[in-house]
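Descriptive structure summary
Single-letter residue listing:
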Amino acid sequence: MIRDITIGQYYGQDSSIHSLDSRTKLMGVSVYIAALFLVKNSWWYLLLFAVILALYHIAKIPYRHLLKGLKGIMILLVFTFVFRLISTPGTPAAQFGIFTITEEGITKAVSLTVRIALMITGASLLSYTSTPRELADGLEKAFGFLEKIHVPIHDMAVIVMIAFRFIPILIEETNVLMDAQASRGVEFEKCSVWKKCRNIFSLLLPLFLSAVRRSSDLAMAMEARGYSGEGKTSRMYPLVYHTSDRIAYILMFLFLAGVIVMRIVNIY
Amino acid sequence: MMKVEHLKFTYAKKTVDECRVLNDISFSVQEGEFIGLIGSSGSGKTTLIKHLNGLLKADSGTVYFQGQNIYDKKYILSKLRKEVGLVFQYPEQQLFGKTVLADVCFGPLNLGMTKEEAEKSAKECLELVGIGEAYYYTSPFDLSGGQKRCVAIAGILAMQPKILVMDEPAAGLDPETKYMVFELVEKIRKTRNIAIVLVSHHMEDVARYANKVLVLHKGELVLSGTTEEVFTKTDFLRQIGMDVPQITSVTEKLIQAGVPMTAPATSVKEAEDMIMKVLRERGGMK
């Protein structure tokens, strides 16, 4: 369960998507998510699903990872599905005790769950194909214009980068803690939900403590090396757009334009 | 008591970062033994000890505990975890109880002891590690690093294991606390007649306390035997990037310089005896 989290983990491969500028990829994810929200008919999701499958294929990331990323948010998906199913008014389709399932409920539940799932899949692709540093650099440059109105973009970018960087560390730490507590007789898999919740506590507390300790150590280490967050720093790896980025942008806008046109003319 | 046969293990099977960590490992642990497990970083020591209480399952090979195969479908792993206590590196990081006593009771309670039994066992073990009654109801987070380590070790001991496996129990401790921890482990071994498996990078500690040594190198068990047998193979150990105890390399140099001693010593006491013998013989010749 906890060991299956893959969001925020870089999956190194030599592919055309990996070598794209991170700004392009950020834009790509935004376009993809925008497209998800423009969907009117559930069949469109099939198309969007095909798109993400193709992108995973191009990025040479095994499809297994796509599913692994979803496993972590399984509970969220199930909850969304069930609540949408039983709480949408409309033509009744089936009755379970006090709950009425409506036809509209079924369509809405399916489309909302699929939307969240595809959103996560798309966002995971971004983190699979770009390192935390690239992402933070991309974010900083893409939103750099906001510095002019005194939004501390640089600080925000650093925070985002550190947050990303910490995910694998915390996962690693959780694994160690799970082993340690399992050695003290804690069952994490084969027990009741109530017991599970209590057992999770034996992980959460030490994990929080170590996160606080680690972050204060990190802050100290950064200050010791002269980091103050002020002034302009030069880039070791400057972000430059290449031909492939331009092609990617063109494809993205064609895709977005296509979706919008389909939405307006109401073909489906 | 415990027998490991032809253990093989691979991490991240069938992915790009597949890596074989353990290859055909066989050894046994008898009651009352003090086994030192040494090997350079990444040699698979930690992976190996995770097999001893069933945290990891080997790809092939078997582990027998008291004659029973632990990979048997009917075997209850939680029973094994009670019998084989595993103390991880930096065990103080797994503390979470409200009080010291509650934290030490956590393991025994999970493994089915009653509240009274658990508390009795916990108090006994806290006593052993030198944490007095005054600390029973304080938060474990208020203790010093060394004390936290002792509480964590007591938490494992309170489960009354038959085999105690410790991964670098002395890492990051000052010499005095470290000495205390080792003396404590030795005392427990003698009084309860349990077996100890000690994973360490520190050759002096291993030479001093262990009576059997296993050497891992790149996932293979390259050397095993009594402490003397292993540490006198100085050339081989250095070749695979390991060190030998200081006293061993000193006596080795003496031999090279022409002092007529039989073999390099593994403890200061032994070296002393050897040198005295040589001196006496010289005195006799006079």
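Sequence order as written defines residue numbering, which begins from 1 separately in each chain. Following the order in which they are written, the chains are lettered starting with A and the ligands numbered starting with 1. With pLDDT at 70 or above as the cut-off, local features in this predicted model cover only qualifying residues; side-chain atom pairs require 80 or more to be listed or tallied, and sums for whole chains, interfaces and linings still use all residues.

Tallying secondary structure elements over chain A gives 9 helices and 2 strands in all. Secondary structure elements in chain A, listed N-terminal to C-terminal, are α-α-α-α-β-β-α-α-α-α-α. The principal-axis extents of the C-alpha atoms in chain A amount to approximately 65 × 55 × 40 Å. In chain A, which comprises 268 residues, the proportion classed as buried is 20%. Contact between residues is assigned whenever the C-beta positions, reconstructed from backbone atoms, fall within 7 Å. Look at the contacts in chain A between residues 6 or more apart in sequence, and 75% of them connect residues 24 or more apart. Note on conventions: DSSP H or I runs of at least 4 residues are helices, E runs of at least 2 residues are strands, and numbering of each starts at the N terminus. Here a residue counts as buried when 20 or more other C-beta atoms sit within 10 Å of its C-beta, as exposed when there are 12 or fewer, and as partly exposed otherwise, the C-beta atoms being derived from the backbone.

What follows covers the packing of helix α2 (residues 43-58) of chain A against helix α5 (residues 103-129) of chain A. Residues and elements named next belong to chain A. Axis definition: a line fitted to C-alpha atoms, limited for helices to the stretch in contact. Angles are taken between N-to-C directions and run from 0 to 180 degrees. Axis separation between α2 and α5 bottoms out at 11 Å; the angle between their running directions is 20°. Judged on the interaxial angle alone, α5 and α2 are roughly parallel. Crossing handedness for the pair α2 and α5: left-handed. Contacts between α2 and α5 involve Y45, L48, F49, I52, L55 and Y56 from the first element and S111, V114, L118, T121, G122 and L125 from the second. Should an angle lie under 35 degrees it is considered roughly parallel, over 145 roughly antiparallel, and from 65 to 115 roughly perpendicular; all remaining angles are considered oblique. Handedness of a helix crossing follows the sense of rotation of the near helix relative to the far helix, less than a right angle counterclockwise being left-handed and clockwise being right-handed.

Glancing now at the domain arrangement of chain B. Residue and element names in this part refer to chain B. Split by domain assignment, chain B resolves into domain 1 (2-244) and domain 2 (245-286). Domain delimitation in this document rests on an assignment produced automatically or drawn from a domain database. Here the C-alpha centre of domain 2 lies 34 Å away from the C-alpha centre of domain 1. Across the contact, 10 residues belong to domain 1 and 9 residues belong to domain 2. Residue assignment for the side of domain 1 that touches domain 2 shows that the elements contributing at least two residues are α7 (203-209) and α8 (227-231). Ranked by the residues each element gives to the side of domain 1 that touches domain 2, the list is headed by α7, at 4 residues. Looking at the side of domain 1 that touches domain 2, its residues break down into 4 nonpolar, 3 polar and 3 charged. Side-chain classes follow a simple rule in which Ala, Val, Leu, Ile, Met, Phe, Trp, Tyr, Cys and Pro form the nonpolar group, Asp, Glu, Lys and Arg form the charged group, and the remainder, Gly included, forms the polar group.

What follows deals with the packing of helix α6 (residues 132-142) of chain A against helix α7 (residues 153-183) of chain A. Residues and elements named next belong to chain A. One way to put it is that α6 packs onto α7 with a least axis distance of 9 Å and a crossing angle of 160°. Classified by the interaxial angle, the pair formed by α6 and α7 is roughly antiparallel. α7 is crossed by α6, and the crossing has right-handed handedness. Between α6 and α7, the contacting residues are P132, R133, L135, A136, L139 and E140 on the first element and I153, H154, A157, V158, V160, M161, F164 and R165 on the second. Per-class residue counts for the contact of α6 with α7 are 10 nonpolar, 1 polar and 3 charged.

Turning our eyes to something else, we now look at the sheet that holds strand β10 (residues 220-226) of chain B. Picture the strands of a sheet paired through backbone hydrogen bonds; they go either parallel or antiparallel. Residues and elements named next belong to chain B. In short, DSSP must find at least two bridges between two strands for them to pair. Ordered by their spatial adjacency, 6 strands build an open sheet running β6-β7-β8-β3-β9-β10, and the pairing between neighbours is mixed. Single-partner strands in this sheet number two, and they are β6 (84-87) and β10. Ignoring strand direction, the axes of neighbouring strands in this sheet form an average angle of 15°. Of the pairings in the sheet, the one linking strand β9 (residues 212-217) to β10 comprises 6 bridges and is antiparallel in character. Looking across to β10, one finds that V213 is bridged to G225. Contacts between helix α1 (residues 45-52) and the sheet are confined to β3 (34-38), β6, β7 (163-167), β8 (195-199) and β9, with β7 contributing the most and set at about 155° to the helix.

Residue and element names in this part refer to chain B. Located in the positive-phi region is D24, a residue other than glycine, with phi close to 50°. Along the polypeptide, D24 turns up in strand β2 (residues 19-29). Positive phi values are uncommon outside glycine, yet E168 reaches one of about 45°. Its place among the elements puts E168 in the loop between β7 and α6 (175-192).

Residue and element names in this part refer to chain B. With respect to the secondary-structure elements, L37 resides in strand β3. Put simply, L37 and V165 are 128 residues apart on the chain and 10.0 Å apart in space, counted from C-alpha to C-alpha. If sequence neighbours within four positions are ignored, L37 has contacts with K45, V197, L198, V199, L214 and L216.

The next point concerns the domain arrangement of chain A. Splitting chain A by domain gives domain 1 (1-130 + 239-268) and domain 2 (150-237). The straight-line distance from the C-alpha centre of domain 1 of chain A to that of domain 2 of chain A is 27 Å.

All names here are of chain A. Bridge analysis of strand β1 (residues 92-96) against strand β2 (residues 99-102) gives 4 bridges, and the strand direction is antiparallel. Paired with P92 across the strands is T102, a residue of β2. Two successive antiparallel strands, β1 and β2, enclose a turn made up of 2 residues, where G97 displays a positive phi of approximately 60°.

Quick look at the interface of chain A and chain B now. Tallying the contact residues gives 14 residues for chain A and 18 residues for chain B. Those elements giving two or more residues to the side of chain A that touches chain B turn out to be α7 and α8 (193-224) of chain A. Per element, the largest residue contribution to the side of chain A that touches chain B is 7 residues, and it comes from α7(A). Its residues placed into classes, the side of chain A that touches chain B shows 7 nonpolar, 5 polar and 2 charged.

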